Every structure is written in structure tokens, then in C-alpha cells.
Amino acid sequence: MDDSKRTRIARRIAKELPENSIVNLGIGIPTLVTDFIPEGKGILLHSENGFIGLGPAPAPGKETPDLVNAGGHPASILPGGCCFDSSMSFAIIRGKHLDFTILGALEVDEEGNLANYTIPGKFIPGIGGAMDLSVGAKKVVIAMEHVNKHGEPKIVKRCSLPLTAAREVDLIVTDMAFIRVTPRGLVLEEIAEDTTLEEVIKHTGAKLQVAEKLGRF
Amino acid sequence: MKPVLTPEKAVENIKDGASVMVGGFISCGRPSAVLEALFEKGVKNLTIISNDTEKEETGIVKLVMAGRVSKFIGSYIGLNRIMGEKMRSGELKIELSPQGTFVERIRAAGAGLGGVLTPTGLGTAIEEGKEVMNIDGRRFLLEKPLRADFAIVKAKKADKYGNAFAPGSSKNFNVAMAMAADCVILETEEIVEPGKMDPEKVTFPCVFIDLLVPVSRAKAGG
């Protein structure tokens, strides 16, 4: 997927983050959200490996081996940040102290089930923080391509891959659509400016209820 | 006061078949010098308990490549493909846990608790074989405490009692692991006299630490 599609997803998600929220960004497309978080909104980023206040990569020569992000890369900590150990970090996650988690996905389904950690027989990198994040964060936002590399829908009726969490997803934001997961099912609230409703429905493997006022992004 | 030892002396009592917790998250907060001494010692059939393995062919990956590890318990093995290869060939047994469950099982062991009740993993493969309890209408998975014979942990500065400080994100799993093993080996960049550590800035209370291993950062290669 080209860069403009990734940034579109990231930019749209950044608009959802209210003032003073504490947010965790997963690897991949979610990390791009940092570029679109407006200054002055008091939004703090939580890093699962032990701090709040994740800042941009330090200038070359200013890295310290004692401060890395969740991908293991040198990080900086912003004013207002704080450090703690992994038990505290996951108490913050599991204890519902995070406002948002932004995660990637392999599949999301009509019930809000999420599959993002393994493809049996192919890809078993492990679990990491994704299961705790999906269960603990107050809002779970999925940032992903609308279709996979084979052109197949990633939003499906029922996940066929092993689940990361059951019924925890709240929002799905792709390069084509902005979808809210509700007890009544998936509600399509916005579509990307360069696509049509027909295209979105065609590339979605689950039932979509279309909002009365369909927005654009 | 705690014994101050070289890395080689510190691993003297680690025998074949031991379970060893290793602190660190990717390459941050890793006790590299003591891990290297463990490699040099040649012990095998180890159970290594660590969140992940680092990307490079160092530390835990090096032990696995040399066939010294029979079991790995952690949360992520995707950083170096050797882990997946050894798992598929049957040489290495791997147990994976969600990261939060992993650290809390270790903390529970160190804190004298009988287990952890967590919602993480409900409705997933993690639930398999485990008891689900209903507490006041909410469902939780019962996860058992996880302890080890040895824990190898990392700090920046320690006093001779073992009070130690780990900065930034280097605390990670080191803190819980220092509570949950019979013998805790602390690799630290600096050792100071009692009174030179601010009691308010202690990451590892001295009670948990058994052996002190001073290793300057340059020497550890980190």
C-alpha cells in the first residue's frame, strides 16, 4: 500500500484522539499516527516496555541504550513523561488506564473479534502486548489496509485466524473506510475521498450498515 | 553486604537443567556480560525465561544456536528466526504468554501469591487448558505463578547491599524477575558504598539481590 494511503489512515485516526488522552500505538501503520497528533492537546503516548511520554527518535548521537520504544529503537521521553517497570506498564494497560490503543490486524469481524498475532503453520512471532492492549484499553482502534496482499477482504463475517481478543474492537479505520463496531454490527460512517460506496462494500467480507449521513475522509 | 563477583564466578552454581530468568526487552536492560559467561560455561538443557530474545546472534539467541536451551518461556520469539526454526525442528519447546500475563505471573511468584486472575486471553487459544473463574459476574483466566532457579537482571548502579537503580525503559522485566528466583544475579555498571544511593530512587530493593556483578558499559558492549 503506498504511503499516501497509510498517512490517510493515520491522519484520520489522529482526529479521534481527545485532549489529554493516553494512547498506545502498535507497530506498523499505528506508529504513523504520531506525525498527526496536534501539539498542545496534551496527548501522551504510552510505550508498553515501560514509560509514558514517548517522543520522537533522538538526534543521532543522542540515543541512550536505556530508552527504547516498543520496537526496540532508540526513543526520547517528552516533558510530562514517567518511567516504570513492565508490571506497572501492564497494570496501566490491563487496568483500563489507557484511553486508546491503535493496533494493526490480519482480520477483524462483525462482532469486533480481532486476529492479529499469528497465521498457523506460517507465522508465529509470538504474542507481545497485543492481547493485553485489546482487552484493557478503553477504546480499541484498528488501523489497517482494507484488503490483504491477495486482494481479499480483511473485514470478514467471522475471523478464521486465531483470535487476539474477542469482541473488543471499537473502530476500524482503513485506506477506504471508517467503520464503527456496535452491538448491532458494523456501521460504515465514512468512506475515503477516492473511493465509492460500491467499492467499499465489494471489498468487505462482512455486512455493513451504512450511516444515514455518510462522511468522507 | 552482598558478594561482588566476576561474571564467571556469578554463574558458577548454574548447572545443566537449570531454569534461568533473563531480564531485558529486546536489547534494552540486558545483562549481556553474565549471559556471555553462561554461554562460556557450557551448561545445557536450560529453561530460559525472558520476554523475547533480541534480534542479533547474541545472548539468548547464541545459547539457543549452541543447543544449550531445551525450553523457552516468554512472550515474543519473532525477532530472530532461529527461535522459530528450532521450534519447528522440535529441538526447542516454546511456551508463549501475553506479555502482561508473563510479567504478572513472575511478580506473583515473587510476591507470594497463588496465582493471577486476568481477563487477557479469554476467548483465545491462551484459554486452552486453563481454569476460568467467575468473580462477581466477571470472567478471568487463572494463570499460575512463574518462578526460576536463577534470575539474571540488569541495573545501572547498585550499592553494596544490593539496592539498585535502572533508568528509563531498562527496568522492564528485571524488577519482577529479581523477586522470583532462588538466586538473583545483578549485573550493574557501577557499585557504590551504602549511603551513596538515594533511598527514594531505588528500583530494586536490596532484599531481592543475591550477587553483584560490576560490568562497565564499555565492557558489556552495550
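For every chain, the first residue of the written sequence is number 1, and numbering continues from 1 onward in sequence order. For naming, the first written chain is A and the first written ligand is 1, with later ones following in the order written. Local features are withheld for residues below a pLDDT of 70 in this predicted model, meaning they are given only at 70 or higher, and side-chain atom pairs are given and counted only at 80 or more; totals for whole chains, interfaces and linings count all residues.

Undergrad: Break down the nonpolar core for me, citing the residues and quoting the values.
TA: To form a nonpolar core, buried Ala, Val, Leu, Ile, Met, Phe, Trp, Tyr and Cys residues must be joined through C-beta atoms within 7 Å. Put simply, a residue is buried when 20 or more other C-beta atoms lie within 10 Å of its own C-beta and exposed when 12 or fewer do; between those, it is partly exposed, and each C-beta is set from the backbone. Formed by 126 residues in total, the largest nonpolar core has its most connected members in I142(A), V20(B), M21(B), A151(B), A180(B) and L186(B). In terms of residue count, the dominant contributor to this core is strand 8 (residues 148–159) of chain B (7 residues). Any two residues are considered in contact once their C-beta atoms, placed from the backbone, lie within 7 Å. If sequence neighbours within four positions are ignored, I142(A) has contacts with L103(A), A105(A), V108(A), L114(A), V169(A), L171(A), I172(A) and V173(A). Numbering of helices and strands runs from the N terminus, with a helix taken as a DSSP run of H or I at least four residues long and a strand as a DSSP run of E at least two residues long.

Undergrad: Mind laying out the interface of chain B and chain A, listing which residues take part and the relevant values?
TA: Taken together, the contact between chain B and chain A spans 36 residues of the former and 33 residues of the latter. Counting only elements with at least two residues in the side of chain B that touches chain A, the list comes to helix 5 (99–110) and helix 6 (174–177) of chain B. Considering each element in turn, the side of chain B that touches chain A owes the most residues, 5 residues, to helix 5 of chain B. Its residues placed into classes, the side of chain B that touches chain A shows 16 nonpolar, 17 polar and 3 charged. When residues are sorted by character, Ala, Val, Leu, Ile, Met, Phe, Trp, Tyr, Cys and Pro go into the nonpolar class, Asp, Glu, Lys and Arg into the charged class, and all the rest, Gly among them, into the polar class.

Undergrad: Got a sec to walk through the sheet that holds strand 5 (residues 116–118) of chain B? Specific residues and values, please.
TA: All names here are of chain B. Here, a strand pair is defined by DSSP locating no fewer than two bridges between the strands. Taking strand neighbours across the sheet as the criterion, the 3 strands line up as 5-7-6 in an open arrangement whose pairing is antiparallel. Strand pairing shows two members of the sheet lacking a second neighbour, strand 5 and strand 6 (132–135), which therefore form its edges. When strand polarity is set aside, the average angle formed by the axes of neighbouring strands in this sheet is 40°. Here strand 6 pairs with strand 7 (residues 138–143) via 4 bridges, running antiparallel. Note on geometry: axes are lines fitted to C-alpha atoms, helical ones only across the stretch in contact, with angles between N-to-C directions running from 0 to 180 degrees.

Undergrad: How would you explain unusual backbone geometry if you had to name every residue and give the values?
TA: Residue and element names in this part refer to chain B. The phi angle at I26 is positive, at roughly 55°, despite the residue not being glycine. As for its placement among the helices and strands, I26 is situated in the loop between strand 1 (19–22) and helix 2 (32–41). Positive phi, normally seen in glycine, also occurs at N45, with a value near 60°.

Undergrad: Break down the sheet that holds strand 12 (residues 185–191) of chain A for me, with residues and values.
TA: All names here are of chain A. Read from one edge of the open sheet, 10 strands run 4-3-2-1-5-8-10-11-12-13, paired in mixed fashion. Each end of this open sheet is capped by a strand with a single partner; those strands are strand 4 (76–83) and strand 13 (208–216). Between one strand axis and the next, the sheet turns by 25° as a mean value, whatever way the strands run. Where strand 5 (residues 100–103) meets strand 8 (residues 139–143), 4 bridges bridge the pair, whose relative direction is parallel. Within the sheet, the bridge partner assigned to L103 lies in strand 8 and is I142. Sitting on the sheet, helix 1 (residues 3–14) is in contact with strand 5, strand 8, strand 10 (171–173) and strand 11 (177–182), with an inclination near 160° to strand 8.

Undergrad: Describe in detail the packing of helix 2 (residues 86–94) of chain A against helix 5 of chain B, supporting the description with residues and values.
TA: Contact pair helix 2 of chain A / helix 5 of chain B: the axes reach a minimum separation of 9 Å and the direction vectors enclose 125°. Classified by the angle between their axes, helix 2 of chain A and helix 5 of chain B sit oblique to one another. Where helix 2 of chain A crosses over helix 5 of chain B, the two elements pack in a sense that is left-handed. Across the interface between the two elements, S86(A), S87(A), F90(A), I93(A) and R94(A) from helix 2 of chain A touch Q99(B), G100(B), V103(B), E104(B) and R107(B) from helix 5 of chain B. Grouping the amino acids of the contact of helix 2 of chain A with helix 5 of chain B by side-chain chemistry returns 3 nonpolar, 4 polar and 3 charged. Note on angle classes: values under 35 degrees are labelled roughly parallel, values over 145 roughly antiparallel, values of 65 to 115 roughly perpendicular, and the remainder oblique. Handedness of a crossing follows from how the near helix is turned relative to the far one, being left-handed for an anticlockwise turn of less than a right angle and right-handed for a clockwise one.

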